[in-house]
Each structure stands twice: as structure tokens, then as C-alpha cells.
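The chain contents come next:
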Amino acid sequence: MSVTILKCSRLRSVFRLRTLQHHLMSSQAGSEVLFERVGSAGVITLNRSKALNALNLSMIRHLYPQLKNWEKDSETDLVVIKGAGEKAFCAGGDIRAVTEAGKSGDSLAQDFFREEYILNNTIGTYQKPYVALIDGITMGGGVGLSVHGRFRVATEKTLFAMPETAIGLFPDVGGGYFLPRLQGKLGLFLALTGFRLKGRDVQRAGVATHFVESQKLAALEKDLVNLKSPTFDAVGSMLDTYQKQSSLDRDKPFSLTQHLDAINRLFEASSVEGILENLRRDGSAFAQKQAETLCKMSPTSLKITFRQLQTGAALSLQEVLVMEYRLSQACMKGNDFYEGVRAVLVDRDQSPRWQPASLEGVTEQFLEGCFAPLGEHDLRL
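As the structure is a prediction and not an experimental result, all values here were calculated from the model. (Residues numbered from 1 in each chain as written. Predicted model: local features only at pLDDT ≥ 70, side-chain atom pairs only at ≥ 80, totals over all residues. Heavy atoms only, no water.)

Our next topic: the side chain of S214. Structurally, S214 is set in the loop between β10 (210-211) and α9 (217-225). A relative accessible area of 12% means that S214 is categorised as buried. A polar atom in the side chain of S214 sits 3.1 Å from the side chain of D135. Sequence-distant contacts of S214, that is, excluding residues within four places in its chain, are made with D135, T155, E156 and K157. (Helix = DSSP H or I, 4+ residues; strand = E, 2+ residues; numbered from the N terminus. Buried < 20%, exposed > 50% of the residue type's maximum accessible area, 1.4 Å probe, protein only. Polar contact = N/O pair within 3.5 Å; in protein donor to acceptor, adjacent residues only side chain to side chain. Contact = heavy atoms within 4.5 Å.)

Encoded structure:
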């Protein structure tokens, strides 16, 4: 009798433990990121819809070990990541927290970028199919959570941009790797201007691998997690099928088609000053608009970004992330990041006072310092 009671007690304890583990898995990071096992798939939901699912350090610290665990777990064959709510996949990193940390000398200014880039590398080297459903706003940190994975599914609601030069930063999270690998000078154009791509254009530019109508995503996710053998090929075929069934905007041309030749010609220069000169000399309405846009950006950010993409074109993702960590720390020590955040996100007066205020004021010597190794403080991957 006592043995039976003991066994039942143990079984109840095991059941309670499993229930607790499942609960913890689904409510980590204060429910800011949810993890769920559905069949043989691990499903991640970025769960800060009121903050447009902006990525903070707490979320990063839960995402990284969970991805590592699923990668090793023989019962997990596939990972799907999505955002809660209807507005955003992930609108970027938690810039305000990083700004406050940088101002006060708090270690978050180092930890956030270091751990975010390690997470980006984990996604870029993931050994199992990784499917990002980028429905809604996908910028900055959200790009880092998706673009390096094997499959990126855009919808008509997707809004992609790397707008960092407007806040005194640069297109990080591996931007120096994927942007120069887009067609022609498109990546450099997107990086310097922060131009926004919408819907099918995100796929046509090469940022997304597939386009599926937003209303079909729930069915797609269900079919993905129910795949009997979710190999890379099987997942790819499933996404191809859903893309073929998505006719919305199919006949609409890429919004930049008429400008691609001009972008390739005008952004072909050995410096940002050269690009601006090309734009001003061209005289077309498109060129004029891009010149005006560049003149609003941080001169320091423009020069850092230009060199970042030039250099990154010949580097591996890992080498790019090491380089970008150095750049992130240079920006934390400077003026323009804090001033950009103030002007765009805090006071919202859209009138940043950049230092230096001109491209000519950003010297080669200063740039060399931004790209210089950090010794024992360098990022290790």
C-alpha cells in the first residue's frame, strides 16, 4: 500500500514538474517572449505587441539558450519565429534602454550588443530549418532575428527598413554582411538612406525568401509544424506552395525597378561625398530626394556605414559581427547616437545637432579608431 502511494506521489511530482517546466517555457522573460513545442517544431512568439515587439536584453537572454537547446534536441526538427499582435514582427532593439545605459556607463551598453550579435550568429549558423514570419514592421533588431535564417516569409503588411543613420548609429545586426550581397548597389542605398520596403518588395529586394498573404500565415504555420519530416527541402517546398497560392500584388512591379539603374550608377563612388556629388549632379527628382535624405543623416553614421558595407562585402558573417561590435562601442562613446535618439524618439523635434555637422569633419583617423580592435573586449564567437 505504502509503495503504491509512494509511486503515485512520485508520478504526481513528475507531472507537476513537467507542467511547471511547460509553464516556464511558455512564460519566460516576463512573458515578453513565449516558447512552445508543437509537434516536432519549436515556436517562438515575440510578445511585446504594445512595444511593437522591440527586442530587449531579457528577451535575448531567453532566446539564445532556447535556440541552442532546440538545435541539440533530437525531437525538435524546425523552429518558427513570429511576432504577437497585428502591427509588427519586431520593430527593432530597445534603443531607449541602451541610450540610458550608455549615458550612465552601465554595462548594458556593452552587454546588449554583444549578446544580440551572438544571437544573430546563432541564427545565421542554425543547423535546423528556421522560419521567420515577418508580418508587419521589421526593422533593426527584428531584421537581425530574421534575415540570417534560412527562410524569411514576408506578407503585404511587412515594412522593412534599416533606419539607423537617422539616429546616429549604423545598420548593425549583420547589416554589413547581408546588405552588400543584395543586387547591385541596392544594399548601400537602403543602408545610407533608410529607405522603406513594403510587402512583396521585401522579397523582390532579396531580404525575404518568400511572400505569403497575411491571412494564410496561420494555415502555413499549422502545416509547417505538422510536417512529418521537416527537412530544409520540405520546408522550402511548403513555402513555395503557399507563395504560389498568394496572388496579392503579384503583377505589381518592384517599386524600385525604374530606379535600379540610377541607384547602381549614383551610389557607385569611392566615398559618401562622391555619392552626394553624383546625386546633386544628376538633377533628377529621384536623385534630388536621396541627396536631401542623406543631408539629414548623421555624417559620422554615413561614413561608418559606407565603410562597414565596403569591408563587409568580403567578410564572413562572424567577421562582420566582430567588426560591428567594435562600431557599436565607438557609437556608444560618441555624440550622435544620443543626439539622434533624442531628436527622433524622445523630444521628436527631428532636428538633431550632429557633431561633426559635415562629412568633411569626419576624418579618416577618426574612422580608423571606430574600426580598431578592442583587444580583450572584442566580440568572441
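Turning our eyes to something else, we now look at the sheet that holds strand β9 (residues 197-198). Sheets are built from strands that pair by backbone hydrogen bonding, the pairs being arranged parallel or antiparallel. Across the sheet, which stays open at both edges, the four strands sit in the order β4-β6-β8-β9 with mixed pairing between neighbours. What marks the edges here is a single partner per strand, and that holds for β4 (88-90) and β9. Summarising the sheet, β4 and strand β6 (residues 137-139) pair through two bridges and their orientation is parallel. Bridging across to β6, C90 finds its partner in T138. (Pairing = 2+ DSSP bridges.)

For the rest of this paragraph, the subject is the sheet that holds strand β1 (residues 33-38). Taken together, the six strands give an open sheet; going across it, the order is β1-β2-β3-β5-β7-β10, and neighbouring strands pair in mixed fashion. Since the sheet does not close on itself, it has two edges, and those belong to β1 and β10, each with one partner. Summarising the sheet, β1 and strand β2 (residues 41-46) pair through six bridges and their orientation is antiparallel. From the neighbouring strand, R37 faces β2, where its bridge partner is G42. Packed onto the sheet, helix α2 (residues 57-72) meets β1, β2, β3 (78-83) and β5 (130-134) and runs at close to 20° relative to β1. (Axes fitted to C-alpha atoms, helices over the stretch in contact; angles between N-to-C directions.)

On to the nonpolar core, then. Residues I44 and L46 are the most contacted members of the largest nonpolar core, which totals 92 residues. When residues of this core are assigned to their parent elements, the largest contribution, nine residues, is made by helix α15 (residues 317-333). Those residues within four positions of I44 in sequence are excluded, and the remaining contacts are V33, L34, F35, L63, L67, W70, V79, V80, I81 and K82. Listed in part, the 18 residues of the second largest apolar core include A41, V80, L220 and Y242. (Core = buried A, V, L, I, M, F, W, Y, C linked by side-chain atoms within 4.5 Å.)

Our next topic: the environment of P253. In this fold, P253 is placed in the loop between α10 (232-244) and α11 (260-266). Between the C-alpha atoms of P253 and R204, which are 49 residues apart in sequence, the distance is 9.1 Å. Other than its neighbours up to four places away in sequence, P253 contacts D201 and R204.

Attention now moves to α2. Over its 16 residues, α2 extends 23 Å from the first C-alpha to the last, a length consistent with the 22 Å expected when each residue adds 1.5 Å. What α2 keeps buried is the set L57, M59, I60, L63, Q66, L67, W70 and E71. The backbone nitrogen of S58 lies 3.3 Å from a side-chain oxygen of the residue at the head of α2, namely N56. (Expected span 1.5 Å × (residues − 1).)

It is worth stressing that arrangement in space is one thing and function is another; only the former is reported here.
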